[in-house]
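Architecture and fold: a report
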Amino acid sequence: MGKTAMNVLREDTIIDWVTSQLGIQKNDAAFFEHNEIKIVINVDSFENTIHLYPFVPLRIAGRRAATGSLSDVLVKGAVPRGILTAIRAPATMSIESYREFYNGIIDVAKRYDLRILGGDTDIAETGSLRADIVVFGFAKGKIANRWGAKPGDLLAVSGRVGLSAILYYYYRQNSVSCSITREMLEEYGWGQLPKPAEWLALKENVHAAIDNSDGLALSLHYLSEASGVKLIIDHIPLHPLVEECVPKERILDEVLYNSGEEYNFIFTIPAEEESTVAKLGFTVIGKVEEGRGVYFRDGIEIKRIGWVGGAGYDKRR
């Protein structure tokens, strides 16, 4: 991840302007309907000076580049089916390094039964590795949007939170209280997405959903704002390594505000579906109430802080 940038231009400012110009709501992926089938499509960008820690192997970076776009399609309730890639590599990059990165994309295609349909390749005289990954899929029935959460709903997540926060803490401090192992990096590369079959079995009952791309706190705020509701958090399911790796006094802030690109699915569902949520391996972390904002059960507010392009994680607002 890149550190805090000092420039004026910010990702959220651009998104606010573009969505207002087009008259559309902010969402994880776009979709349109054709012959009763909904086609869901997303593009995500990977740029190694922004998104790649220097200690992460290129094959794992390739997985993350593809997983980020796939996550946005799956969270909408679509079955991901294909990938297109546009990759710009610097002329100084070795063919072996390029193969490692691309093999990570192939890994994702194999795991999720996707077809890599082609794309574009450019070689730049200067600059860094960049990949724009398009994933598309098909959905029948309901599309899960960021909006639609209702007072009385349960709030739930997939997986555990905090593995990416460990790595970001290590990146900033150059040390943690544990070893950064290959196994840890492998898990980081795949993210905390649910199994597609389990998510698709649940999605017809989901009222609102978003994936954790920009940090848990900011993702919760996005869902709250889109639905016009207050979210009350009872607890956060921590990754088992967090308490081992991060100083105790830093755990809550790191997990809330520096846990981006973990791709946990954060969603709301009617209270009567609680047993189904548990059976499918998701964790209820709170509830939805009337109001605005995101709070812990004891009334402490969770700040609207996370990853914002042009500001990074360190820009507190």
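The preceding data block contains the structure.
Along each chain, numbering runs from 1 in the same order as the chain's sequence is written. Thresholds applied to this predicted model are a pLDDT of at least 70 for local features of residues and 80 or more for the giving and counting of side-chain atom pairs; totals over whole chains, interfaces and linings are not thresholded and use all residues. Working from all heavy atoms in the structure, the side-chain values ignore hydrogens and water.

1. Quick notes on the layout of surface pockets
- Counted as a void, the second largest pocket has a volume near 190 Å³.
- Cavities and pockets were defined on a 1 Å grid built from protein atoms only: a cavity is a group of points that admits a 1.4 Å probe but offers it no way out, a pocket is an open group of points flanked by protein on both sides within 12 Å along at least five of seven lines, and a lining residue is one with an atom within 4 Å of any such point. Gln192, Leu193, Pro194, Lys195 and Glu198 are the residues nearest the centre of the second largest pocket, which is lined by 15 residues in total. Grid points are joined across faces, edges and corners, and a volume is the space filled by probe spheres set on the points.

2. Things to note about the sheet that holds strand β1 (residues 30-34)
- For two strands to count as paired, DSSP must find a minimum of two bridges between them. Numbered from the N terminus, helices here are DSSP runs of H or I no shorter than four residues, and strands are runs of E no shorter than two. Across the sheet, 5 strands lie side by side as β1-β2-β5-β3-β4; this open sheet has mixed pairing. At either margin of the open sheet sits one strand with a lone partner, and together these are β1 and β4 (115-124). On average, each strand axis in the sheet is inclined to that of its neighbour by 15 degrees, with strand direction left out of account.
- Bridge count for strand β3 (residues 79-90) against strand β5 (residues 130-139) is 9 bridges, and the pairing is antiparallel. Directly across from Pro80, in β5, lies its bridge partner Gly137.
- Whether two residues touch is decided by their heavy atoms; if any such pair falls within 4.5 Å, the residues are in contact. Note on definitions: angles span 0 to 180 degrees between N-to-C directions of axes, and those axes are lines fitted to C-alpha atoms, for helices only across the stretch in contact. Against the sheet, helix α3 (residues 58-75) contacts β2 (37-47), β3 and β5, and its axis sits at roughly 150 degrees relative to β2.
- Helix-sheet contacts for helix α4 (residues 95-111) involve β2, β3, β4 and β5, and the interaxial angle to β3 is about 175 degrees.

3. Let's talk about the pattern of salt bridges
- Salt bridge, as used here, is a side-chain nitrogen of Lys or Arg placed within 4 Å of a carboxyl oxygen of Asp or Glu. In this structure the tally under the stated criterion is 15 salt bridges.
- Between Arg250 and Asp253 there is a salt bridge whose closest N-O contact spans 3.7 Å.
- Arg250 sits in the partly exposed class, given a relative accessible area of 26%.
- Taking relative accessible area as the criterion, Asp253 reaches 33% and is therefore assigned partly exposed.
- One salt bridge in this structure joins Lys287 and Glu289, with 3.5 Å as the shortest N-O distance.
- When salt bridges with common partners are traced through the structure, they connect Arg59, Arg63, Asp107, Arg182 and Glu186 into a single cluster. Each residue is assigned to one of three classes by its accessible area relative to the maximum for its type, calculated with a 1.4 Å probe on protein chains only: buried under 20%, partly exposed between the two thresholds, exposed over 50%.

4. As for the packing of aromatic side chains
- Pairing of aromatic rings covers Phe, Tyr and Trp, the last through its six-membered ring, and needs centres within 6.5 Å; plane angles under 30 degrees mean stacked, over 60 mean edge-to-face, and all others mean tilted. Summed over all chains, the structure comprises 12 aromatic pairs.
- Pairing Tyr53 with Tyr188 gives two aromatic rings, centres 6.2 Å apart and planes at 35 degrees, and the pair type is tilted. One end of the pair, Tyr53, is in the loop between α2 (48-51) and α3; the other, Tyr188, is in helix α6 (residues 182-190), and 135 residues separate them in sequence. Considered together, Tyr53 and Tyr188 belong to a single accessibility category, that of buried residues.
- Arranged with centres 6.2 Å apart and planes meeting at 75 degrees, the rings of Trp199 and Phe282 form a pair that is edge-to-face. With a gap of 83 residues between them, Trp199 in helix α7 (residues 196-202) and Phe282 in the loop between α11 (274-279) and β10 (283-289) connect regions that are remote in the sequence.
- Members of the aromatic cluster, connected to one another through ring pairs, are Tyr53, Phe55, Tyr168, Tyr170, Tyr171 and Tyr188.
- When the ring centre of Trp190 is taken as origin, the NZ or CZ atom of Arg111, which lies over that ring, is 3.7 Å away.
- Lysine NZ or arginine CZ positioned within 6 Å of the ring centre and within 35 degrees of the ring normal marks a charge as sitting over the ring. The ring of Tyr295 carries Lys230 above its face, with NZ or CZ at 5.3 Å from the centroid.

5. Notes on the environment of Ile133
- Within the element layout of this structure, Ile133 appears in strand β5.
- Given the relative accessible area of 0%, Ile133 is considered buried.
- Considering only alpha carbons, one finds Ile133 and Leu84, 49 residues apart in sequence, at a separation of 5.9 Å.
- With near-sequence residues (within four places) excluded, Ile133 lies in contact with Asn42, Val43, Asp44, Ala65, Ala66, Ser69, Ile83, Leu84, Thr85 and Ile105.

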